[in-house]
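# Coordinates in review
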Amino acid sequence: MSKRIILLWCLSCVLNVQCIYIDNTTDFSRCQMHVSRSETEYTIFYEIDKYNQFRSNWYQFDFHFSVLAPSNAHILISETNKVADRDAVYEIVLGAGANTFSDIRRLIRGQTKHQVKTANILSSIDYTAFWIRVWTDGLVEVGYEGDNATFLQYKDPQPLKVKYFSFSTWNKVNARWVFDCKERGSGINSNDETLLTSAERLERDLLKNYSIFVRPVLDESDMTDVLLHLTPQYVSLNEKASKLIVKGTGNMRWTDEKLNWDPNDYDGKKSIKLASEDIWTPDLRLFDQRMNLQDVFIYDNGSVFANILVDTTTWCSIEGLDAWPSDVHNCSLYFSFGIDGEKIRLLYLSQSEDFFKQPTALASEWIVTNTDINYKSPFENEYLDEIQGGSPGVSLSLTLKRLSSVYKLIFLSPFFVISVCCLSTFWTSPHGSQKISLGCIQLLIESIILICISTILPGHSTKVPTLISLYSECLIYTTASIIISIVVINISRNEHGRPVSRYFEVLLLSNWLQRSLFLPQLNNNDQHGIRLLNRPTSQDMWLIFGMVIDRIMFIVYLVLFILAISSKSV
């Protein structure tokens with residue numbers, strides 16, 4: 001194998017192909033850069049065919065790169081750009097175990113094939129250059145740039161046909177990778193001052209000897225104040241799953257004591273725009289999710305302004321469902337820092353700026369009516385009254401209120417239909433089929449409404465919503481009205497062996513009862529002191545008795561419906 005390596009090196013020299021990374025003096029301005037910020041997943045994949053340094057029939061991949069990281073630099077080589085945990089890959093980890101060993105794995109985070117002790121192989125101050133070769137026969141080799149000897153290798157009995165590679169790091173580890181560097185002597189010389197604009201000179205001078213891994217303070221005991229402001233543009237609450245969805249924008253401000261300059265030295269330029277990967281940025285996290293920073297703007301006094309995107313889904317405790325759909329909920333967003341969190345003080349702009357804008361939600365059924373800010377220490381688990389002394393995090397409490405007009409229209413309209421149908425049953429003839437039919441229609445509507453509400457509301461609510469109580473009561477009222485209708489129908493239709501009692505007949509035929517209950521006018525016989533015109537039969541009296549029951553129940557149900565809608569304000 002060593003002979004093959006020597007032969008390959010000789011052929012490269014004959015073809016005038018030079019090793020790019022002879023030492024750490026490479027001009028990285030001619031290289032492609034990738035930054036891994038506390039990533040434990042492989043997100044960005046590169047095609048091998050575009051980045052093979054030297055092509056040969058003997059190996060599939062010849063890759064040269066430099067890395068700046070304190071530990072745990074991960075390189076993935078795979079057959080596809082969508083890799084699952086159990087897919088066959090080559091994963092090379094440099095400086096694992098707090099920068100004590102390196103290994104080659106056959107799976108992501110599994111099946112270690114070769115492991116060696118490599119104490120302090122990586123550095124967070126100086127770039128370390130490496131090469132990786134994947135041979136066609138399945139041999140995977142790793143070595144230092146400028147040295148053809150390998151310190152890590154594995155022969156795969158079932159070689160993969162690799163097509164992609166990617167970078168990553170372990171949790172709370174940042175790394176900067178440079179690769180695909182152009183050869184010396186090609187293109188523009190970055191040291192030629194006459195060919196550089198003032199912005200290019202400023203960028204070169206600012207980033208020279210600048211470390212993205214070290215908090216930019218002159219005195220390490222000083223705290224770094226980070227000002228945060230958010231503008232939620234979309235807020236949604238899934239009550240059934242107890243999930244809060246927040247999308248929006250925001251910005252962060254802090255002072256970088258190592259990024260300042262005299263504008264007169266750069267043609268009066270007072271600001272510059274850089275990629276967030278080029279400088280140190282606070283490791284701001286919303287719960288455990290890292291915030292996505294856009295390009296940053298740096299000013300001559302060291303002030304840094306960065307835009308951020310907010311797109312998170314988190315848990316929210318659901319309470320107060322008794323007022324649904326006019327419910328109000330309180331949900332919290334907790335912001336903190338990962339790396340150097342104990343040395344960074346997070347301040348929300350509402351505490352330090354006059355232009356604080358209350359968050360509002362657009363295109364959602366929820367609106368943010370109020371915000372409350374608490375400075376909380378996760379180590380002490382208590383809220384701090386003052387910011388002095390520093391606080392690692394900020395808890396932003398949002399008060400959410402539902403825009404319930406549509407829900408009220410959808411769910412309250414059937415209630416009025418049910419009320420009218422129920423009251424109408426007491427005015428329909430007992431000789432027809434409408435009495436029972438109206439009651440059945442009410443039961444059907446109420447059952448459908450309750451089923452629809454159950455699909456929306458969570459089952460873990462400790463309080464029953466008012467709307468469910470309303471329709472549950474309607475269900476009981478409707479059942480009772482059907483029973484009453486059956487009784488009235490039996491009284492009115494069945495033949496009775498004896499008439500109603502004399503005193504009860506007098507009551508049923510009294511003028512005041514007939515007028516108050518809108519009963520048909522009938523005359524009693526002369527035995528009761530009234531002149532006989534049309535003497536009612538015994539069956540007529542039983543029919544009137546059923547009508548009296550209907551009219552009385554109409555009044556009772558009317559009062560019940562009025563009390564139900566007034567006592568349960570929905």
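## Points about the overall build of the protein chain
- Of regular secondary structure, the protein chain possesses 10 helices and 24 strands.
- Of all 570 residues assigned to the protein chain, the portion counted as buried reaches 47%.
- In the protein chain, of all internal contacts separated by at least 6 residues, the share reaching a separation of at least 24 is 70%.
- Entry remark: accessible area of the protein chain is about 29,000 Å², with carbon and sulfur atoms responsible for 54%.

## Considering the sheet that holds strand 5 (residues 90-95)
- Spatially, six strands are ordered 2-11-4-5-6-7 in an open sheet, and the strand pairing comes out antiparallel. For this open sheet the edge positions go to strand 2 (45-47) and strand 7 (110-117), each flanked by a neighbour on one side alone. Sheet twist, expressed as the average angle between the axes of neighbouring strands with direction ignored, equals 20 degrees.

## As for the side chain of Gln60
- Tracing the backbone shows Gln60 in strand 3 (residues 59-68).
- A polar contact is formed between the side chain of Gln60 and the backbone oxygen of Leu160, at a distance of 2.8 Å.
- Polar side-chain contacts of Gln60 include one of 3.0 Å to the backbone nitrogen of Val162.

## A short note on helix 10 (residues 538-567)
- Under the 1.5 Å per step criterion, the end-to-end length of helix 10 is 44 Å for 30 residues, consistent within 8% with the ideal 44 Å.
- Here helix 10 has its buried residues at Met541, Trp542, Ile544, Gly546, Met547, Val548, Asp550, Arg551, Met553, Tyr557, Phe561 and Ala564.

## As for the state of the cysteines
- What the rule picks out here adds up to one disulfide.
- In this model Cys316 forms its disulfide with Cys331; the gap between the sulfur atoms is 1.8 Å. As the torsion about the S-S bond is roughly -80 degrees, the Cys316-Cys331 disulfide counts as left-handed. Residue Cys316 is located in the loop between strand 19 (303-315) and strand 20 (328-337), and its partner Cys331 is located in strand 20; the two are separated by 15 residues in the primary sequence.
- For Cys331, a relative accessible area of 1% puts it in the buried group.
- A disulfide-free cysteine, Cys474 has its sulfur positioned 8.1 Å from the sulfur of Cys422, the nearest such atom.

## A word on the sheet that holds strand 10 (residues 150-155)
- On the basis of which strands lie adjacent, the open sheet formed by six strands has the order 1-12-3-8-9-10 and antiparallel pairing. Edge positions in the sheet fall to strand 1 (32-37) and strand 10, since each has one partner strand and no second. Neighbouring strand axes in the sheet, compared pairwise and without regard to direction, differ in orientation by 20 degrees on average.
- Pairing geometry for strand 9 (residues 139-144) and strand 10, over five bridges, is antiparallel. Pairing of Glu141 across the sheet is with Gln153, part of strand 10.

## Describing the environment of Thr169
- Looking at the secondary structure, you find Thr169 in strand 11 (residues 164-169).
- For Thr169, a relative accessible area of 1% corresponds to the buried category.
- Placed 128 residues apart in sequence, Thr169 and Glu41 show a C-alpha to C-alpha distance of 8.0 Å.

## A word on the pattern of salt bridges
- Taken as a whole and assessed by the stated rule, the structure comprises 11 salt bridges.
- Linking Arg402 and Asp327 is a salt bridge whose minimum nitrogen-to-oxygen distance equals 3.0 Å. Note that Arg402 is positioned in strand 24 (residues 393-402) and Asp327 in the loop between strand 19 and strand 20, a separation of 75 residues in sequence.
- Accessibility expressed as a relative area gives 4% for Arg402, which makes it buried.

Calculation notes
- Residues numbered from 1 in each chain as written.
- Predicted model: local features only at pLDDT ≥ 70, side-chain atom pairs only at ≥ 80, totals over all residues.
- Heavy atoms only, no water.
- Helix = DSSP H or I, 4+ residues; strand = E, 2+ residues; numbered from the N terminus.
- Buried < 20%, exposed > 50% of the residue type's maximum accessible area, 1.4 Å probe, protein only.
- Contact = heavy atoms within 4.5 Å.
- Areas by Shrake-Rupley, 256 points an atom, 1.4 Å probe, with all protein chains shown as cover.
- Pairing = 2+ DSSP bridges.
- Axes fitted to C-alpha atoms, helices over the stretch in contact; angles between N-to-C directions.
- Polar contact = N/O pair within 3.5 Å; in protein donor to acceptor, adjacent residues only side chain to side chain.
- Expected span 1.5 Å × (residues − 1).
- Disulfide = S-S within 2.5 Å.
- Salt bridge = Lys/Arg side-chain N within 4 Å of Asp/Glu carboxyl O.

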